[in-house]
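Chain residues, written in single-letter form:
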Amino acid sequence: MQGCILTRSVMETTGGNPLNMTTVSRVYNVLIALLAGSAALLSLGCGGGSGDDTVIAVVNGEKVTKNQYLKKLETMSSVRAVNPPQNPLQPGQIGEVQVAEPLSAQALTGIIDEILTLQTAKDEGLLPSKEEVDREQALMEQLNPNYVKGLKSMGFTLEDIRRQLMVRLAERNLLVRGIPKKTLADAKRYIAEHPDEFTVPAQVRLRWIVLDDPNLRDDVDRELGSGITFGAVAGKYSTAANARAENGAFPPGRGPQPTPQPMPDKATNPFWEAVLKTPKGRVSHWFELPGAGGKKSYVKLLVEDKTEKTVRKLSAAEEEMVRRALEEREARDVNDLTDLYLKKLLNAKIEINVPYLKATWEQQLALIKDRAARMEERVGSASGPSTSGADDKPNGK
């Protein structure tokens, strides 16, 4: 695991979204690794339940029903998509993209991934027990009291949730197999030695007024001085995007309530200089920023709230997630799950009963087999006997 070790552990279960119950998409991981060597894709899983029990696929003897497939399709929280080459999306930006494969195929592949993960864990003697799933559910609820409630509100049953916990535990058991177990003392020591990883940055919530005409500054100040709210004045005068609809909330485009923004320790431009100098609940002085076409914009801020930088005190459940993350970071340097799942996939007997799903699956599988064969050829040629003249000469000749 690279970077802050909480990125995939504590934060994925304590964030605002209670649905961060993710499993690595194994088939896509194999495909991506062979085609481009990129990281694994995360996708939300599903379990059983009542409904249409028509069998649409069979994976090594385990049936996949139409109900499972539809549930997966309805509840996918992430999909494979192509970032547009023109105006590509930036991290956190919302936009329309083209899916890499039909969602129908991605849903079925996700189910196959889960089945193969559990079957691989069983083959290795690492399938989680009921007691392990019980403890995992309790841990998730300690990290996020709304964990189960939030998932149920999205249509998941308790059976679905527990199955997904089992898949995630199976994946983890396979990853850390043979790795020395880390202790809570190891986790506490890591936390003490890396406080920056557990620091919540200083944040600010603000509104702004942006003017193109400097002559309007006096009008703005007059109305603010008369008791008219900053948001109302921003809606009337500001040329910032969405100022009228959102009452000057910053950043624009996220609704009428300002979104907390991390503050730098030192000002890097006039904007942050004004933010850092203006106390909570106060309005800044006017300052200039570069505008469109080389013109200047004139800006005034209302700092609604500020919070100081703090080091989080982790709960016992969060410390457990750090302990796990330490094990997983070490395991990723030792255990190659891609190769393990590739072998399982290539040896699997998978029957797809729906024609359009079968065609897409066979195309994906053909790509995987082709790249796997080429990779094996490269490995074989690299480890073959030397062809240099010196090595071919008999001794003493």
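I will try to describe carefully the structure that is included in this document. In this text the structure is predicted, and so the values were computed from the model without any measurement.

1. What about the overall build of the protein chain?
Scanning the protein chain from N- to C-terminus turns up 16 helices and 13 strands. Across the 397 residues in the protein chain, those meeting the buried criterion constitute 43%. Look at the contacts in the protein chain between residues 6 or more apart in sequence, and 70% of them connect residues 24 or more apart. Of the accessible surface of the protein chain, which amounts to about 21600 Å², a share of 52% is contributed by carbon and sulfur atoms.

2. A few points about a nonpolar patch on the surface
A cluster of nonpolar residues, L70, L73, V79, V99 and L103, forms a patch on the protein surface that exposes about 320 Å² of accessible area. Note that L73 resides in helix 3 (residues 66-75).

3. Remarks on the sheet that holds strand 9 (residues 261-262)
The sheet built from four strands is open, its strands ordered 9-8-11-10 with antiparallel pairing. Among the strands making up the open sheet, the edge pair consists of strand 9 and strand 10 (287-290). Bridge analysis of strand 8 (residues 203-211) against strand 9 gives two bridges, and the strand direction is antiparallel. If you follow V204 over to strand 9, its bridge partner there is Q261.

4. Some thoughts on helix 10 (residues 230-237)
Of all eight residues in helix 10, six are buried, a share of seventy percent or more. Taken together, the buried residues of helix 10 touch strand 8, helix 9 (217-225), helix 11 (243-246) and strand 11 (296-307).

5. A word on the pattern of salt bridges
One pass over the structure, following the stated rule, counts 31 salt bridges. Close ionic contact of E101 with R80 constitutes a salt bridge, the shortest N to O distance being 2.8 Å. With E101 in the loop between strand 6 (98-99) and helix 4 (103-123) and R80 in the loop between helix 3 and strand 5 (81-82), this residue pair connects regions lying 21 residues apart in the sequence. On the accessibility criterion, R80 (18% relative accessible area) is buried. With a shortest N-O distance of 2.4 Å, E318 and R312 are connected by a salt bridge.

6. Considerations on the pairing of strand 3 (residues 55-59)
Counting buried positions along strand 3 gives four out of five residues, so the element sits mostly inside the fold. The hairpin formed by strand 3 and strand 4 (residues 62-65) contains two residues between the paired strands, and N60 there has a positive phi angle of roughly 50 degrees. Pairing of strand 3 with strand 13 (residues 350-352) involves three bridges; the strand directions are antiparallel. Considered in strand 13, the bridge of V59 is made with I350.

Cut-offs and rules
- Starting from 1, residues in each chain are numbered consecutively following that chain's sequence as written.
- Local features in this predicted model are restricted to residues of pLDDT 70 or higher, and side-chain atom pairs are both shown and tallied only at a pLDDT of 80 or more, whereas totals for entire chains, interfaces and linings draw on every residue.
- The side-chain quantities take in all heavy atoms of the structure and omit both hydrogens and water.
- Secondary structure elements are defined from DSSP: runs of H or I of at least 4 residues count as helices, runs of E of at least 2 residues count as strands, and each element is numbered from the N terminus.
- Type-normalised accessible area, obtained with a 1.4 Å probe on protein chains alone, sets the label of each residue: buried when under 20%, exposed when over 50%, and partly exposed for intermediate values.
- Residue contacts are counted whenever heavy atoms from the two residues lie within 4.5 Å of one another.
- Each accessible area is a Shrake-Rupley result for a 1.4 Å probe, and residues are judged covered by the shown protein chains and nothing else.
- For patch building, the residue pool is restricted to those with more than 30% relative accessible area and no salt bridge; the joining distance is 9 Å between like charges and 5 Å between nonpolar side chains (Val, Leu, Ile, Met, Phe, Trp, Tyr).
- Should a side-chain nitrogen of Lys or Arg be within 4 Å of a carboxyl oxygen of Asp or Glu, the pair is scored as a salt bridge.
- Note on pairing: DSSP must find at least two bridges between two strands before they are called paired.

Shape descriptors only; they carry no functional weight alone.
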